[in-house]
Amino acid sequence: MDFPPPAHPGPAEDQLLVLQGDHRSSFVWEGQLSMQPLRPRRPDDLWEFIGEHPFHARVVARLQATGFYTIFELGRMQLDWSLITALVERWRPETHAFHLPTGEATNTLEDVQVLYGLRVDGLAVALPQYIRSMARAQFLDMMMHFTGYRPQGDAGGSRVALSAIRDHMAFLHPDITGETEDLHIERYTRLALLLLFGCVLFPNTSGSKVSMRFLHHLQELDGLL
């Protein structure tokens, strides 16, 4: 019986995969990481917070209008650490694709739509140039205007601590009722969306902060997607 040739231990050509020397797969082939699965960040704090501070029906209605409420409904997902580790080892930043034995595969907007139920058609989302050049004081003013909350401190650029947002929402939570003014409902909804962006959709390397730049896209809550 003829057996297939053994798998090649690395890229056959190195002209494209120029980061191979620092890629995780190089260490795997040398047997250094076979027993070290990755531990991705999990937004447990978000789900625990929502469990302790469930959204009022009026906030739920506003979140549904934005198109993002389906992610809150999905809640915490059970993750397969070994599978995620294997996928990371096969992800190539040079090509933005997974290099699998069956060929190359990449993430598409259709995948996002299937997994999260988000609408992905329409115009692309982009930040105006003036937002990119804003100083922190201007971001704090924008935060105050759209959420009614101004974080303390002058350090951090455009980012704000997720814990500070949670603490402020916990302070506001008892006052959210059927009689609360629409303005305050919308402000609370924007804070909830910032938590969602920072914990689930767009977590950054800090794992504890979210960019206030997102507020530019949260000015109008209806039909965000």
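Use the structure listed above.
Draft legend 1. Fine view of helix α9 (residues 162-172). All buried positions along α9 are accounted for by Leu162, Ile165, Arg166, His168 and Met169. Viewed end-on, α9 has its buried residues packed into an arc of 165 degrees, placing them on one side of the element. Away from its buried face by more than 90 degrees, α9 exposes Asp167 and Phe171.

Draft legend 2. Broad picture of the packing of helix α8 (residues 136-147) against helix α10 (residues 182-201). Relative orientation of the contacting elements α8 and α10 amounts to 125 degrees, with a least axis distance of 8 Å. In terms of orientation, α8 lies oblique with respect to α10. Within the contact between the two elements, α8 uses Met143, Met144, His145, Phe146 and Thr147 and α10 uses Arg187, Arg190, Leu191 and Leu194. Counted by class, the contact of α8 with α10 contains five nonpolar, two polar and two charged residues.

Draft legend 3. Structural view of the pattern of salt bridges. Inspection of every chain in the model, using the stated rule, returns eight salt bridges. The salt bridge partner of Arg58 is Asp182, with a shortest N-O separation of 2.5 Å. With Arg58 in helix α3 (residues 57-66) and Asp182 in helix α10, the pair connects residues that are 124 residues apart, well separated along the chain. Because the salt bridges share partners, they merge into one network encompassing Arg24, Glu89 and Arg90.

Draft legend 4. Structural context of unusual backbone geometry. Even without being glycine, His96 reaches a positive phi, approximately 55 degrees. Note that His96 resides in the loop between β1 (91-92) and β2 (97-100).

Draft legend 5. Up close: the packing of α3 against α10. Direction vectors running N to C along α3 and α10 enclose 60 degrees, while the axes themselves pass 9 Å from each other. With respect to α10, the element α3 is oriented oblique. Crossing angle aside, the handedness with which α3 passes α10 is right-handed. Across the interface between the two elements, Arg58, Val59, Arg62, Leu63 and Thr66 of α3 pack against Asp182, Ile185, Glu186, Tyr188, Thr189, Ala192 and Leu193 of α10. Partitioning the contact of α3 with α10 into residue classes produces six nonpolar, two polar and four charged.

Draft legend 6. View of the sheet that holds strand β3 (residues 103-105). Taken together, the three strands give an open sheet; going across it, the order is β1-β2-β3, and neighbouring strands pair in antiparallel fashion. Two strands lie at the open edges of the sheet, namely β1 and β3, each paired on one side alone. Here β1 runs beside β2; their pairing, made up of two bridges, is antiparallel. Residue pairing for β2: Arg92 is matched across the bridge by Ala97.

Basis of the calculations
- Residues numbered from 1 in each chain as written.
- Predicted model: local features only at pLDDT ≥ 70, side-chain atom pairs only at ≥ 80, totals over all residues.
- Heavy atoms only, no water.
- Buried < 20%, exposed > 50% of the residue type's maximum accessible area, 1.4 Å probe, protein only.
- Helix = DSSP H or I, 4+ residues; strand = E, 2+ residues; numbered from the N terminus.
- Arc of directions from axis to C-beta.
- Axes fitted to C-alpha atoms, helices over the stretch in contact; angles between N-to-C directions.
- Parallel < 35°, antiparallel > 145°, perpendicular 65-115°, else oblique.
- Contact = heavy atoms within 4.5 Å.
- Nonpolar A, V, L, I, M, F, W, Y, C, P; charged D, E, K, R; others polar.
- Salt bridge = Lys/Arg side-chain N within 4 Å of Asp/Glu carboxyl O.
- Left-handed = near helix turned anticlockwise from the far one by under 90°.
- Pairing = 2+ DSSP bridges.

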